[in-house]
Amino acid sequence: MENRASQAGPQEERLEDNQQHQQSGLRNNARNLLPDGRLAQPETPPQPSKSVVVTVSDPRGLHLRSGRDVVRLASQFQARITAANLSRNTSAIDLKSIIQLMQLQARQGHDLQLAATGPDAVAAIEALSSLF
Amino acid sequence: MAGGQVEIGQAGGLSDDGETLGTDAFKILSAIEEVWCEDGVLLLMDLGSAVMSAELALDMLPEQRRQKCLLSNAPLVEGAIVAALHASLGEPLQAVNAVAEAALSVPKLPGAG
């Protein structure tokens, strides 16, 4: 609980900071305008992102054939999708590549963190979660 | 490689019976013709003269077909598996080759390499 409280603190501060920036941005809007009237640094809208931890249920682990289904499904989404094997402490790999997926060496019971960023990130994670 | 089925041919051995170690450009040529697909053909080779024979085979192909063939630097076994899988997803030839060649730098054992 202490951890959560300490995590919440900085997040609240950041939120306040953002609000302050927005307020000062409103006040100083004129400075950010280019001669032609456009904003000098338009903020890009944040991409939707979604992350989930799944546990490999297949007794044979994540093998080539089941991996193919994962890669095939992942490839149907625009979002950038990564996976990391938390049980082996691997770095995140591109889930749209079978050779990288095999690097996870995922066995039954291993926890994999799936993360997607992009317009269809939520749908991608929901669909992929059902494969494990 | 339009998704789904992927044709895989093999051309190993020097003599007609395939029992002499080596490669035969004509065998490779007929293997290419056998699996021919308008999306292209990816050629995976093992060591030594395989590369030279594959190049010879490409030289014997009509120009129009040769342009759709690609010699891959991918490892034979891992490359074949990865290429077949990604080709079955309907990915274009260059992309299939890229993932197959990436298999060169992937260690088989966790923590190795």
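Given the structure is predicted, the values throughout are model-derived calculations rather than measurements. (Residues numbered from 1 in each chain as written. Chains lettered and ligands numbered in written order. Predicted model: local features only at pLDDT ≥ 70, side-chain atom pairs only at ≥ 80, totals over all residues. Heavy atoms only, no water.)

Caption draft 1: The interface of chain B and chain A, seen in detail. Opposite the 13 residues of chain B that make contact, chain A presents twelve residues. Both faces considered, chain B and chain A share a buried interface measuring about 1000 Å² in area, 76% of it formed by carbon and sulfur atoms. Counting across the chain B and chain A interface gives one residue pair in polar contact (both at pLDDT 80 or more). Of all the elements, helix H4 (residues 76–88) of chain B adds the most residues to the side of chain B that touches chain A, at five residues. Split into classes, the residues belonging to the side of chain B that touches chain A amount to nine nonpolar, two polar and two charged. (Contact = heavy atoms within 4.5 Å. Buried area = accessible area lost by both parts, 1.4 Å probe. Polar contact = N/O pair within 3.5 Å; in protein donor to acceptor, adjacent residues only side chain to side chain. Helix = DSSP H or I, 4+ residues; strand = E, 2+ residues; numbered from the N terminus. Nonpolar A, V, L, I, M, F, W, Y, C, P; charged D, E, K, R; others polar.)

Caption draft 2: Layout of the nonpolar core. Ranked by size, the top nonpolar core spans 30 residues in total, and within it Ile81, Leu95, Leu101, Leu112, Leu114, Leu128 and Phe132 of chain A carry the most contacts. Of all the secondary-structure elements, those providing two or more residues to this core are helix H2 (64–74), strand S2 (80–85), helix H3 (98–102), strand S4 (111–117) and helix H4 (121–129) of chain A together with H4 of chain B. Leucine 101 of chain A has contacts with Leu62, Gly67, Val70, Val71, Ile93 and Leu95 of chain A, leaving out every residue within four places of it along the chain. The next biggest cluster of nonpolar side chains, apart from the first, holds 14 residues, and it includes Ile32, Trp36, Ala54 and Cys69 of chain B. (Core = buried A, V, L, I, M, F, W, Y, C linked by side-chain atoms within 4.5 Å. Buried < 20%, exposed > 50% of the residue type's maximum accessible area, 1.4 Å probe, protein only.)

Caption draft 3: Focus on H4 of chain B. In this model H4 of chain B runs 18 Å from its N-terminal to its C-terminal C-alpha over 13 residues, within 8% of the 18 Å that 1.5 Å per residue would give. Turning to H4 of chain B, its buried residues are Gly79, Val82, Ala83, Leu85, His86, Ala87 and Ser88 of chain B. Tucked into the core, H4 of chain B has its buried residues touching H2 and H3 of chain A together with strand S1 (41–43) and helix H5 (93–102) of chain B. One or two residues past the end of H4 of chain B sits glycine 90 of chain B, with phi positive at roughly 85 degrees. (Expected span 1.5 Å × (residues − 1).)

Caption draft 4: Up close: the confidence of the model for chain A. Per-chain confidence: chain A averages 80 in pLDDT, with 67% of residues scoring 70 or above. Note that residues 1–28 of chain A has pLDDT below 50 and, in this model, zero contacts with residues that lie over four places away or in other chains. (pLDDT = per-residue confidence, 0-100.)

Caption draft 5: Layout of the pattern of salt bridges. All names here are of chain B. Scanning the model with the defined rule gives four salt bridges over all chains in all. A salt bridge links glutamate 33 to arginine 65; the shortest N-O distance between them is 2.6 Å. Of this pair, glutamate 33 sits in helix H1 (residues 25–35) while arginine 65 is found in helix H3 (residues 63–66), placing the two residues 32 residues apart along the sequence. Given the relative accessible area of 36%, glutamate 33 is considered partly exposed. A salt bridge links glutamate 63 to arginine 66; its shortest N-O distance comes to 2.4 Å. Separated by three residues within a single helix, glutamate 63 and arginine 66 lie in helix H3, roughly one turn from each other. Of the residues examined, glutamate 63 reaches a relative accessible area of 42% and is grouped as partly exposed. Owing to a relative accessible area of 25%, arginine 66 belongs among the partly exposed residues under this scheme. (Salt bridge = Lys/Arg side-chain N within 4 Å of Asp/Glu carboxyl O.)

Caption draft 6: Quick look at the packing of H1 of chain B against helix H2 (residues 49–60) of chain B. Residue and element names in this part refer to chain B. Two elements in contact, H1 and H2, have axes whose closest approach is 8 Å; the angle formed by their N-to-C orientations is 60 degrees. Viewed along their axes, H1 and H2 adopt a mutual orientation that is oblique. In this structure, the crossing between H1 and H2 has a hand that is right-handed. Facing Ala25, Phe26, Ile28, Leu29 and Ile32 of H1, the residues of H2 in contact are Ala50, Ser53, Ala54, Leu56, Ala57, Leu58 and Met60. Split by residue class, the contact of H1 with H2 holds eleven nonpolar, one polar and no charged. (Axes fitted to C-alpha atoms, helices over the stretch in contact; angles between N-to-C directions. Parallel < 35°, antiparallel > 145°, perpendicular 65-115°, else oblique. Left-handed = near helix turned anticlockwise from the far one by under 90°.)

Caption draft 7: Unusual backbone geometry, seen in detail. Residues and elements named next belong to chain A. Here asparagine 89, not a glycine, exhibits a phi torsion of approximately 60 degrees, which is positive. Mapped onto the elements of the fold, asparagine 89 is located in the loop between S2 and strand S3 (93–94). With a phi close to 50 degrees, glutamine 105 is a non-glycine residue in the positive phi region. In this fold, glutamine 105 is placed in the loop between H3 and S4.

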